[in-house]
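Report on the structure
Residues per chain are reported as follows:
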Amino acid sequence: MSGKATTSTPNIGLRGSSGLSHAYIQYPPLRCNVPESRGLFYDDGNKLLLSPTADQVFSWKVSLFDPLIGPTTDSISEGPIIAIRYSLDTKVLAIQRSGHEIQFWDRETAETFSHKCTTESESILGFFWTDSQQCDIVIVKTTGLDLCAYKSESKSLQLVETKKLNVSWYVYTHESRLVLLASGMQCKTFHGFQISSADVVRLPRFEMVMAKSEANSKPVLAAEDIFIVTVYGRIYCLQVDRVAMLLHSYRLYRDAVIQQGSLPIYSSRIAVSVVDNVLLIHQVDAKVVILYDLFADSRAPISAPLPLLLRGFPRSSSSSQFSGSESSDVNAVSGHEAVTYADTWNFLVPDFVCDVANKLLWKFNIDLEAISASNSDVPSVLDFLQRRKLEANKAKQLCLDITQTLILEHRPVHVVAKAINVLVTSFSHSIKTCSLLKGLKPEMTVNSGAQNADADVSAIERDAIGKSIIHESTTRVDGGTLYSEDESQFANLKHSSKEARVGGSVNNENSPRNEAHSSYAMQSSLLSAQEESQLTSAAISPDEMYNFVFSPVDEEMVGDPSYLVAIIIEFLHSANLEKIRVLPNLYVLIIQLLVRNERYAELGLFIVNKILEPSKEVALQLLESGRQNTQTRKLGLDMLRQLGLHNDYVLLLVQDGYYLEALRYARKYKVDTIRPSLFLEAAFVSNDSQHLAAVLRFLTDFLPTFKNTSEHNRYYRILNEMNSSTTI
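In what follows, the accompanying structure is described. Each chain has its residues counted from 1, following the order in which its sequence is written. Per-residue local features of the predicted model are confined to residues with pLDDT of at least 70, and side-chain atom pairs are confined, for both listing and counting, to 80 or more; whole-chain, interface and lining totals are unaffected and use all residues. Side-chain descriptors were evaluated using all non-hydrogen atoms of the structure, hydrogens and water having been removed beforehand.

So, the pairing of strand β7 (residues 83–86)
The two faces of β7 match: A83 and R85 on one face and I84 and Y86 on the other face are all buried. Pairing between strands is defined by DSSP: at least two bridges between the two strands are required. Under the DSSP-based scheme used, a helix requires at least four consecutive residues in state H or I and a strand at least two consecutive residues in state E, with every element numbered from the N terminus. With four bridges connecting them, β7 and strand β8 (residues 92–96) associate as antiparallel partners. Considered in β8, the bridge of R85 is made with A94. Between the antiparallel neighbours β7 and β8 lie five residues, among them T90 with a positive phi of about 60°. Accessibility here uses a 1.4 Å probe with only protein chains present; expressed as a share of the type maximum, an area under 20% marks a residue as buried, one over 50% as exposed, and anything in between as partly exposed.

Written out as structure tokens, the structure reads:
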């Protein structure tokens, strides 16, 4: 990394937070200004930014990107520096001194040795450390690849294997473990190797597509025209075609390289970043950035070309605190920091950019709120937000707000249904991949690669045409299908409800799926601010849909609640299709809405056809709502009995005055948990001595120890008094 200071003036329109953009960098940057620095180098294997001097190397850990972080230092000897990298365990420092020599330092013993080319006809293009079981370091030369093992005891490199090829230049990213070697007159023929921890995979040779500018002119590809990106665990190669003004995309499979399409470009200089699996195409000359989501089938951009926003930069410099020459120095530094897409910007994999002239490192971010606000296709926006990991909590909150707004604005039911189906499908996928569970290490999840951007060509799947493909860390979330418009919503919901219950009763809450959902649902409403910041999935549980969408909407909406009932039914329809258990509070809300509108007949159909899943909460709500409708109360009593909640059923019979029926039911189902005094008190209040005598006789026969209790003596005395009074 090197470059001259830019002479551009600050782009004042991009300062502050009021600019229009979907991508931004945040002030302050990480400052790496070391006196007598010989440039900045990026070690992507360890995510270190290195600034060497004549006898020292300063390094900053950029993975957490803390602008206040201080550097660590190592002593080195004098000499030219072409490239510099630490081993992956950071025990060894390697410096390429020339096209024929690499020098190694053992940081523990301070011992050093040099590795040189065997012949003068070959030269070293670069090197990188690996975590492969076969080798420790790969040296890229004009004659191919040397895979070497580092031997600390003998202070040497042992050659493990050589890949003989003619190489003009190469591109490598540690994120993908993939190296692409360019050869040929136009440098458009490529050989690829992925040096992963498991093995070394050789990709088939392929050629890039290049348009011809003139009949006798053949454009030549340069290293800055090629980008290796990892998106959703898939490895892509992006190639700039300046003649056609296109960015060609190639998907890299284990035994095939397939062109995926092309994206238009509007600048002769292109740079690529990846933020949270979103592709940022920087049109450097035009000073705009375009966002793409390669997960979606459409090649349309997420946003129109917009400037890159610089957030948090002070609008007025601190010149008021200084005077004279000091003030001008401060203004000069601030002016350089305010420049976006400066000539000396060097883009680093996957989401950093380094201003090599001013020794600054910036990190790219995307604005989820701005993206969601600029797109009117709500299902696609929700689908996009559900895939976000870095700001999962913000994405979740935006999804909840968007869904709530749709309902409050009384959008057509089918429109809201599509949006809800996206959320339900995403939640179902999250349960299957265990990505809802916070704090789990990647290797403990069902799909361990979901948290690992290192897509491995050697981890094989099979696609439809039978070829081995790169392991994709995240499975595609299918959008799901809605019911046909000519089909009855009621009939489909009834059918899907029955399907969801196949193989078990309505009370079967011990299945792994139900346990996983219940565990998450109970935790989701109790998240602290700290826990929310650790979320890795924006998936929304049914309980969260109730707490943050349906319940608040119920409080705000006025008038006929039929619309909200229809929306909730659509949610239940999607949940049943995905076999997701819905907690009783949502069914309780439906009952409240129907009763509020006196739709008792429809409520009865919902219960009879099991659209509302039986539960104690639902039964109690039916009993509460049945105060104005005896049939509804009867449905609640029947549900308690159906669920086997005998204790509650007996108590309600007693409360309704049917204490003799309650006694018979208690004897039949052996309900011995209810205090005898409840039955006796109910019989006493009826002022019927025969009933009181019947209750005493029943309790004496049913409970052998009842005769020795104070309650027996008390009510036996009351019975005698009642009989005496009757005789007189």
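Right, picking up where we left off after that structure.
Examining the packing of aromatic side chains
Here is the rule: rings of Phe, Tyr and Trp (six-membered ring for Trp) pair when centre to centre is within 6.5 Å. Planes less than 30 degrees apart are stacked, more than 60 are edge-to-face, and the remainder are tilted. In the structure shown here, the tally under the stated rule is 19 aromatic pairs. A ring pair is formed by Y27 and F313, whose centres lie 5.0 Å apart and whose planes are at 90°; its orientation type is edge-to-face. With a gap of 286 residues between them, Y27 in the loop between β1 (23–26) and β2 (30–31) and F313 in the loop between β27 (309–311) and α1 (325–337) connect regions that are remote in the sequence. For F313, a relative accessible area of 4% corresponds to the buried category. A network of ring pairs unites the aromatic residues F104, F113, W129 and Y150 as a single cluster. A ring is considered to have a charge above it if a Lys NZ or an Arg CZ atom is located within 6 Å of its centre and within 35 degrees of its normal. Here the guanidinium or amino end of R311 rests over the ring plane of Y24, the centre of that ring lying 3.8 Å away.

Let's talk about the nonpolar core
Here is a general trend for soluble globular proteins: nonpolar side chains tend to be buried in one another's company. By size, the foremost hydrophobic cluster in this structure holds 112 residues, and its most contacted members are W345, I407 and F550. With nine residues, helix α10 (residues 562–577) is the single largest residue contributor to this core. With sequence-adjacent residues up to four places away left out, F550 is seen in contact with I407, I420, M545, L564, I567, I568, F571, L586 and L589. Side-chain atoms within 4.5 Å are what join buried Ala, Val, Leu, Ile, Met, Phe, Trp, Tyr and Cys residues into a set we call a nonpolar core. Counting 20 residues, the second largest nonpolar core, distinct from the first, contains W169, L203, F206 and Y250. Residues are treated as being in contact if the distance between any of their heavy atoms lies within 4.5 Å.

Some remarks on the pairing of strand β21 (residues 234–241)
Burial runs high along β21: eight of the eight residues are buried. Neither face of β21 is open: one carries R234, Y236, L238 and V240, the other I235, C237, Q239 and D241, and all of them are buried. Where strand β20 (residues 226–231) folds back on β21, the antiparallel hairpin that results is connected by two residues, among which Y232 adopts a positive phi of roughly 55°. Two strands pair when backbone bridges link them, and β21 and strand β22 (residues 246–252) are joined in this way by six bridges, in the antiparallel orientation.

Comments concerning the sheet that holds strand β3 (residues 41–43)
What links the strands of a sheet is backbone hydrogen bonding, and the strands pair in either a parallel or an antiparallel sense. Taken in spatial order, the four strands of this open sheet run β3-β4-β5-β6, and their pairing is antiparallel. Each edge of the sheet is formed by a strand with only one pairing partner; in this case those strands are β3 and β6 (72–75). Within this sheet the neighbouring strands show an average axis-to-axis angle of 30°, counted without direction. The pairing of β3 with strand β4 (residues 48–52) spans three bridges and is antiparallel. Along β4, the bridge assignment pairs D43 with L48. For helices, the fitted axis covers only the stretch in contact; all axes are lines through C-alpha atoms, and the angles between them, taken along N-to-C directions, range from 0 to 180 degrees.

Observations regarding the packing of α10 against helix α11 (residues 584–596)
Their axes nearest at 10 Å, the elements α10 and α11 cross at an angle of 155°. Relative to α11, the element α10 is oriented roughly antiparallel. As α10 runs across α11, the sense of the crossing is left-handed. Here L564, V565, I568, I569, F571 and L572 of α10 lie close against α11, whose contacting residues are L586, Y587, L589, I590, L593 and L594. Polarity classes work like this: nonpolar for Ala, Val, Leu, Ile, Met, Phe, Trp, Tyr, Cys and Pro, charged for Asp, Glu, Lys and Arg, and polar for all others, with Gly in that last group. When the residues that make up the contact of α10 with α11 are grouped by side-chain class, the tally is 12 nonpolar, no polar and no charged. In what follows, roughly perpendicular refers to angles from 65 to 115 degrees, roughly parallel to angles under 35, roughly antiparallel to angles over 145, and oblique to any angle outside these ranges. Handedness of each helix crossing follows the sense of rotation of the near helix against the far helix: counterclockwise by less than a right angle gives left-handed, clockwise gives right-handed.

Looking at the sheet that holds strand β13 (residues 144–151)
Spatially, four strands are ordered β11-β12-β13-β14 in an open sheet, and the strand pairing comes out antiparallel. Where the open sheet ends on each side, the last strands, each with one partner, are β11 (124–129) and β14 (156–164). Averaged over all neighbouring strand pairs, the angle between strand axes comes to 25°, with direction disregarded. As defined by bridge partners, strand β12 (residues 137–141) adjoins β13 across five bridges and the pair is classed as antiparallel. Across the sheet, I139 pairs through a bridge with D146, a residue of β13.

What about helix α5 (residues 413–433)?
A helix is expected to reach a length of 1.5 Å times the quantity of its residues less one. Over its 21 residues, α5 extends 30 Å from the first C-alpha to the last, a length consistent with the 30 Å expected when each residue adds 1.5 Å. Most of α5 is tucked away: 16 of the 21 residues are buried. Immediately downstream of α5, the backbone of C434 shows phi near 60°, a positive value.

A word on helix α12 (residues 600–608)
Taken together, the buried positions of α12 are occupied by Y600, L603, G604, F606 and I607. One side of α12 carries all its buried residues, which in axial view fall inside an arc of 160°. Facing away from the buried side of α12 by over 90 degrees, the exposed positions are A601 and V608. Where α12 terminates, the next one or two residues include K610, which has phi positive at roughly 60°. Here the arc refers to the directions that run from the helix axis out to each C-beta atom.

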